[in-house]
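Each chain, written out:
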Number of protein chains: 2
Amino acid sequence: MMTDSKNTLKTYALRHTDCRESILEAFLNKSAALSHGDLESLLQDGFDRVTIYRTLKTFVEKGILHKIPDDEGGVKYALCKEECSSHEHHHDHIHFKCSTCGDTTCLESVHIPAIRLPEGYVREDVNMLVQGICPNCIPK
Amino acid sequence: MMTDSKNTLKTYALRHTDCRESILEAFLNKSAALSHGDLESLLQDGFDRVTIYRTLKTFVEKGILHKIPDDEGGVKYALCKEECSSHEHHHDHIHFKCSTCGDTTCLESVHIPAIRLPEGYVREDVNMLVQGICPNCIPK
DNA sequence: GTAACTGCAAAATATTTGCATCCTT
DNA sequence: AAGGATGCAAATATTTTGCAGTTAC
């Protein structure tokens, strides 16, 4: 996974701009997934809403970020591991949403178990969202 | 699962109105999940958008319908099995979205497998969306 | 210099709220 | 009769598109 925003942009053949750097930094500094709205309030530099939308779309296309569908029908974004590329996203991990703090995180260590589909169905992609309480929010 | 819209409304202590009956009928007649937009174009009776929103919300609260988060961040709705109530939804099945015809369906026969979360995480609810090709869309 | 990126305006879409009226029970 | 449900208007939120000006390379 990338740890440096400038190198990442270079790697993906994307121009280095303030907005892109700030958005990457935001993801690198925060372990939880971020929505468009999260970024809008997080980035104090006042980037245009539209630019943030377009940056997110570009990052998903390039394989830098992946979408995480929220249970309520929103979308959040999180960094991809390095296996992702423009051509294909490879995600095998589950997503966890804490019902207390609201944070959604990638649990890279938990792989999505295999499922056997009924006759005639072909599996292409799987998304698994687990909701519950995260370690930080467990009452002691 | 309910098969009759009038009885269902009575069972859930909801008033019988044209809109509610039409919406229930739509779900009973179509095996795929429906979004608000789907219903709007499906129901030719011209019910108000707002009424449809409110009806869907009511049905989810009562345990008649459950939400299915779409991979792109939308929401669809599908009928619950009878174990659901106002208090709690009990769903253990996966959802399948066909990338060809776009239909999302409940595969009641496929249960969500157990997953072992890392230390400190508590599981409350799980949602699993499988994308691929449904039997109807498999090229012969 | 040039293509890529941004910001602004505006359109298109989606969802929510308030209120007066109507209808089920 | 009374409370619940609907329809309409309008506010709010979300996402997309077009275009002109700016900037990274």
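Residues numbered from 1 in each chain as written. Chains lettered and ligands numbered in written order. Predicted model: local features only at pLDDT ≥ 70, side-chain atom pairs only at ≥ 80, totals over all residues. Heavy atoms only, no water.

## A few points about the pattern of salt bridges
- This structure, assessed with the given rule, holds ten salt bridges over all chains.
- Residue Glu40(A) pairs with Arg49(A) through a salt bridge whose shortest N-O separation is 3.4 Å.
- Its relative accessible area of 32% is what places Glu40(A) among the partly exposed residues.
- Here Lys67(A) makes a salt bridge to Glu72(B), at a shortest N to O gap of 2.8 Å. Taken together, the residues Lys67(A) in strand E1 (residues 65-69) and Glu72(B) in the loop between strand E1 (65-69) and strand E2 (75-79) connect one chain to another.
- Residue classification places Lys67(A) among the partly exposed positions, given a relative accessible area of 28%.
- A single salt-bridge network, built from bridges that share partners, covers Asp70(A), Asp71(A) and Lys97(A). (Salt bridge = Lys/Arg side-chain N within 4 Å of Asp/Glu carboxyl O. Buried < 20%, exposed > 50% of the residue type's maximum accessible area, 1.4 Å probe, protein only. Helix = DSSP H or I, 4+ residues; strand = E, 2+ residues; numbered from the N terminus.)

## Regarding the protein's contact with DNA strand C
- Around DNA strand C sit 16 residues, and of these Thr17(A), Arg20(A), Thr51(A), Arg54(A) and Tyr53(B) come closest.
- In DNA strand C, atoms within 4 Å of the protein come from the sugar-phosphate backbone in 60% of cases.
- Take Arg15(A): an N or O atom from its side chain is 3.1 Å from a sugar or linking oxygen of DNA strand C.
- Contact between DNA strand C and Thr51(A): a phosphate oxygen at 2.9 Å from a side-chain N or O atom of the residue.
- Elements with a minimum of two residues in the surface near DNA strand C: helix H2 (18-29) and helix H4 (49-62) of chain A together with helix H4 (49-62) of chain B.
- The greatest single-element share of the surface near DNA strand C, amounting to four residues, is contributed by H4(B).
- Its residues placed into classes, the surface near DNA strand C shows six nonpolar, three polar and seven charged. (Near = heavy atom within 4 Å. Polar contact = N/O pair within 3.5 Å; in protein donor to acceptor, adjacent residues only side chain to side chain. Nonpolar A, V, L, I, M, F, W, Y, C, P; charged D, E, K, R; others polar.)

## Points about the pairing of E2(B)
Residue and element names in this part refer to chain B.
- Within E2, four of the five residues are buried, which leaves the element mostly enclosed by the surrounding structure.
- Here E1 runs beside E2; their pairing, made up of five bridges, is antiparallel. Its bridge partner being in E2, Ile68 is matched across the sheet by Lys76. (Pairing = 2+ DSSP bridges.)

## Remarks on the interface of chain A and chain B
- Chain A puts 40 residues into the contact, and the matching count from chain B is 39 residues.
- Taken together, both faces of the contact between chain A and chain B bury some 3000 Å²; the carbon and sulfur share is 63%.
- The interface formed by chain A and chain B holds two salt bridges in total.
- Taken together, the links from chain A to chain B amount to twelve residue pairs in polar contact (both at pLDDT 80 or more).
- Of all the secondary-structure elements, those providing two or more residues to the side of chain A that touches chain B are E1, strand E3 (93-98), strand E4 (104-111) and strand E5 (122-133) of chain A.
- Tallying contributions element by element places E5(A) first for the side of chain A that touches chain B, with twelve residues.
- Across eleven bridges, the pairing between E5(A) and strand E5 (residues 122-133) of chain B is antiparallel. Paired with Val130(A) across the two strands is Val126(B), which belongs to E5(B). (Contact = heavy atoms within 4.5 Å. Buried area = accessible area lost by both parts, 1.4 Å probe.)

## A look at the nonpolar core
- In terms of nonpolar packing, the biggest core is built from 26 residues, with Ile94(A), Met128(A), Ile94(B) and Met128(B) touching the most fellow members.
- Of all the secondary-structure elements, those providing two or more residues to this core are E3, E4 and E5 of chain A together with strand E3 (93-98), strand E4 (104-111) and E5 of chain B.
- Those residues in contact with Ile94(B) that lie beyond four places of it in its chain are Leu117(A), Thr105(B), Cys106(B), Leu107(B), Val110(B), His111(B), Ile112(B), Met128(B) and Val130(B). (Core = buried A, V, L, I, M, F, W, Y, C linked by side-chain atoms within 4.5 Å.)

## Comments concerning the protein's contact with DNA strand D
- Close to DNA strand D lie 15 residues, the nearest being Tyr53(A), Arg15(B), Thr17(B), Arg20(B) and Arg54(B).
- When atoms of DNA strand D within 4 Å of the protein are split into backbone and base, the sugar-phosphate part holds 56%.
- Residue Arg15(B) places a side-chain N or O atom 2.5 Å away from a base nitrogen belonging to DNA strand D.
- At 3.3 Å from a phosphate oxygen of DNA strand D is found a main-chain nitrogen or oxygen belonging to Asp48(B).
- If you list the elements that add at least two residues to the surface near DNA strand D, you get H4 of chain A together with helix H2 (18-29) and H4 of chain B.
- With four residues, H4(A) is the largest single contributor of residues to the surface near DNA strand D.
- The residue inventory of the surface near DNA strand D, partitioned by class, reads five nonpolar, three polar and seven charged.

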